[in-house]
Amino acid sequence: MQAPKLNKSCDQCRARKVRCIVPPGGPSVCIHCIKRNETCQFSNLKRRLRVKEDTSKPSSDLFIDRLLRNPFESVVLYDEFSILKVHDDQIPSSGLAFFSERRVNSMVKRLGHTRVKDLVHQIDVTIKTRLLARPGKDISLYSLAKDPRELIVDPEAAVHVQRFFEILHPVYPFLDRKTFEERTKHPDLLRDLETDHAFCGLYYAIISLGCQYNGCSSFIPDNSHAWKLFQVALSRLDQIILSTTSLSNLQTIFATNTFSLQLDQTLLAEACRMVLALRYHKSIINEDSSLCHRIFWVIYHLEKRYCFAARISSVIADDDIGCPIPPTPESILGGYDWLRSSVRFGRILSVAYSSLFSISASTQSETVILIAIDHVCELLEEWRLSIPIEFRPREPIQRRCLNDGASKEIALRTHYYYCHLSIALERLTLHVSRDIARSENSMRSLLNTAKQIIDLMRYIDVEPYTPVFILAIIPLSAMFILFDFVVHHPNDPDIRGYLTLLDIVAGHFSQLDHASNGTIQSSYLSEFSHTARQYIQNEQNKQSEQAPAPPVPSESQPPAADTMAPTMISGDSSIPTNDPGLSEGIDYGSLDNFYFLTPDSDWPSMTSLDEFDPREYYGSIFL
């Protein structure tokens, strides 16, 4: 144990507030005490430890605290109501808002026409219209719930129930299969359905989901057998919501939400309200604790993912959860515990949103944001490595994972969950980082992630039961990344490969348009691929026309490599890389000539890296 340190001044001098002088080489007695013939005593030093500011974590001072101190606090805040467009000065969110006005104008300038600008506007309006507007024939949840529906006897109900438990229940293991199937086989099933509204809603939600997976559905909600079954479940919602909150009511609400997830988030919010009201997030429950905790964690996973994508705060407070994750054998596939893994990923999304994408997080300094990004990246990598290699993201997907519906569903979700968060983190890094090597790595990561997304698209079922997240949102993200890169880097050596990938995505959306009979109008997205290919062809034609004749080598003329310093190309200008202000601490050989700088950058006007801000030179995906 370390001996305590003594004060430099004796107690008497400290009391008199005079300088304490101890003669060198003599006893530890000060001159003043010798003159006064007093006992000179030095007490132990009581150090006041200065708490260093921890820059590894965002400040606990939330933006609301600043508003309470100063109601007129001025800061760049945002609410991304637009689906695709984003403000020029915003930190990008976890959503799909890729295109700032400045970068769209940059693409218009380079392409020489406004088709891309018009296309972005068309996509934005179309998506918002589908989300907000009601069709001529109202099919809202409210209208369906209040419309009484007679019970439909489906002769294939048992087949649909089996299909549900084989494919979808491993993804959302919120039921006890044995108990449910025993009740569905009861001789008085019809009377049970008539008297028990909760079980009736649950039963018809389950068979409608199984009916979808058995091919009895289409993209048109009111024109399929599965939708008619689902309407019966919805017609019982008013009695369920207005009755006493219970486990059976919660199961019904969640089951109907699973079906209507692509239409409305009302039921997910209601399921969250119910599970918290029932206190299933606590550890002490009088009911079947395993089943109660199971449905809580399923809702937790779904709600965290939705909130991150929708750019809103979660209803479920992570610091108030005290229940264990129960064993779920039906969700363990080849040693992969999907429920536990999905919960762990939900927790990472919660950390990412609060520390990076919330209003308060967006007001933090760039240094704090980059540290928080590193922390989330570490969590994401730990999650990835915890997954068996057969399902692990960034590893080739194993064929045996695609043998049955449940394994395929879980494998695609695992890979695309990883891609979604990775894209959000790399876009944010490119926006706030001024480190040129780190920016290069983020660019590479974005391009690799886009490639992985497109490579996995061949396994996507273009069917009504496939979530929109997998069916459209993730492929659309990959398309935006590649298109933006191609437009700003037409001379990249891999440009042909990127154009081919854009063609693959365009084909996917054309197939989606065809499969939905035009209900999901997405074939016009092929315009991105066509525009990019036409632009690259025009650029190559210009270069071939302007290319000078090759010089005739002279015997007296030394090779260019011997007379000129290595250069870095940016547009039509070149800068010698032997400038100490540029080359210090940078490995130019690993950066591919800084190909991530856009051709319209103003690099030649800069004299050092201190003047270089990478954020000014990236494509729209980074703003």
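Definitions and limits used
Residues numbered from 1 in each chain as written. Predicted model: local features only at pLDDT ≥ 70, side-chain atom pairs only at ≥ 80, totals over all residues. Heavy atoms only, no water. Patch = residues over 30% accessible without salt bridge, like charges linked within 9 Å, V, L, I, M, F, W, Y side chains within 5 Å. Areas by Shrake-Rupley, 256 points an atom, 1.4 Å probe, with all protein chains shown as cover. Salt bridge = Lys/Arg side-chain N within 4 Å of Asp/Glu carboxyl O. Lys, Arg positive; Asp, Glu negative; His and termini not counted. Charge placed at Lys NZ, Arg CZ, Asp CG, Glu CD. Helix = DSSP H or I, 4+ residues; strand = E, 2+ residues; numbered from the N terminus. Buried < 20%, exposed > 50% of the residue type's maximum accessible area, 1.4 Å probe, protein only. Phe/Tyr/Trp six-rings, centres within 6.5 Å; stacked < 30°, edge-to-face > 60°. Axes fitted to C-alpha atoms, helices over the stretch in contact; angles between N-to-C directions. Parallel < 35°, antiparallel > 145°, perpendicular 65-115°, else oblique. Left-handed = near helix turned anticlockwise from the far one by under 90°. Contact = heavy atoms within 4.5 Å. Nonpolar A, V, L, I, M, F, W, Y, C, P; charged D, E, K, R; others polar. Arc of directions from axis to C-beta. Polar contact = N/O pair within 3.5 Å; in protein donor to acceptor, adjacent residues only side chain to side chain. Core = buried A, V, L, I, M, F, W, Y, C linked by side-chain atoms within 4.5 Å. pLDDT = per-residue confidence, 0-100.

1. Quick look at a negative patch on the surface
Point 1. On the surface, Asp176, Glu182, Glu287 and Asp288 cluster together to form a negatively charged patch.
Point 2. Relative to the elements of secondary structure, Asp288 occurs in the loop between α14 (266-277) and α15 (289-310).

2. Focus on the environment of Pro467
Point 1. Within the secondary structure, Pro467 is located in the loop between α20 (436-456) and α21 (468-488).
Point 2. Considering only alpha carbons, one finds Pro467 and Arg413, 54 residues apart in sequence, at a separation of 9.7 Å.

3. Side note on unusual backbone geometry
Point 1. Although it is not a glycine, Arg279 sits at a positive phi angle of roughly 60°.
Point 2. Positive phi is not limited to glycine here, since Arg394 has a value of about 70°.
Point 3. Position of Arg394 relative to the elements: it lies in the loop between α18 (366-385) and α19 (405-432).
Point 4. The partly exposed category is assigned to Arg394, whose relative accessible area is 45%.

4. Thoughts on the packing of aromatic side chains
Point 1. For the structure shown, the criterion picks out 21 aromatic pairs.
Point 2. An angle of 80° between the planes, with centres 5.6 Å apart, marks the rings of Phe308 and Phe357 as edge-to-face. You can see Phe308 sitting in helix α15 and its partner Phe357 sitting in helix α16 (residues 338-357), a full 49 residues away along the chain. When sorted by exposure, Phe308 lands in the same class as Phe357, which is buried.

5. Structural notes on the pattern of salt bridges
Any two side chains of opposite charge can pair, on the condition that their charged atoms come close.
Point 1. If you walk through the whole model with that rule in mind, you get 19 salt bridges.
Point 2. Across the pair Arg183 and Asp192 runs a salt bridge, and its minimum N-O distance is 2.8 Å.
Point 3. Between Asp320 and Lys282 there is a salt bridge, with the nearest N and O atoms lying 2.8 Å from each other. Within this pair, whereas Asp320 is found in the loop between α15 and β3 (332-333), its partner Lys282 is found in the loop between α14 and α15, the two being separated by 38 residues in sequence.
Point 4. Among the charged side chains, a salt-bridge network with shared partners connects Arg183, Asp192 and Asp196.

6. So, the packing of α21 against helix α22 (residues 495-515)
Helices that pack against each other are described as a pair by the angle of their axes relative to one another and the distance between those axes.
Point 1. Between α21 and α22, whose axes approach to 10 Å, the crossing angle comes to 150°. The angle between α21 and α22 falls in the class roughly antiparallel. As for the relative orientation of α21 and α22, their crossing is left-handed in sense. Judged by residue contacts, Leu471, Ala472, Pro475, Leu476, Met479, Leu482, Phe483, Phe485 and Val486 of α21 engage Ile495, Tyr498, Leu499, Leu501, Leu502, Val505, Ala506, His508, Phe509 and Leu512 from α22.
Point 2. By residue class, the composition of the contact of α21 with α22 is 18 nonpolar, one polar and no charged.

7. What to know about helix α8 (residues 177-184)
Point 1. Among the residues of α8, those classed as buried are Phe180, Glu181 and Thr184. Projected down its long axis, α8 carries its buried residues within an arc of 95°, all on one side. Set apart from the buried face of α8 by more than 90 degrees, the exposed residues are Lys178 and Thr179.
Point 2. Two to three positions downstream of the cap, the backbone nitrogen of Lys178 sits 3.2 Å from a side-chain oxygen, assigning the N-cap of α8 to Asp176.

8. Some words on the side chain of Thr429
Point 1. Among the secondary structure elements, Thr429 is positioned in helix α19.
Point 2. What Thr429 contacts, discounting residues up to four positions off in sequence, is Ile373, Arg438 and Ser442.

9. Digging into the packing of α20 against α22
Point 1. Close contact between α20 and α22 brings their axes to 10 Å; oriented N to C, the two are set at 40°. One way to sum up the angle between α20 and α22 is to call them oblique. For the pair α20 and α22, the sense of crossing is left-handed. Of the residues in α22, those in contact with Leu447, Lys451 and Ile454 of α20 are Tyr498, Leu501, Ile504 and Val505.

10. Brief notes about the nonpolar core
Generally speaking, nonpolar side chains in soluble globular proteins are found buried as a group.
Point 1. Grouped together as the largest cluster of nonpolar side chains are 145 residues, with contacts concentrated most on Phe174, Tyr280, Tyr416 and Leu421.
Point 2. The contacts of Tyr416, once residues within four sequence positions are left out, are Ile453, Leu456, Met457, Ile460, Phe469, Ile470 and Ile474.
Point 3. By size, the runner-up hydrophobic cluster in this structure holds seven residues, among which are Cys10, Cys33, Cys40 and Phe42.

11. Describing the confidence of the model for the protein
Atomic detail in the predicted coordinates should be set aside for any region of low pLDDT.
Point 1. In this model, the protein carries a mean pLDDT of 75, and residues with pLDDT of at least 70 account for 70%.
Point 2. Here residues 76-83 scores under 50 on pLDDT; set against residues more than four positions off or in separate chains, the count is 23 contacts.

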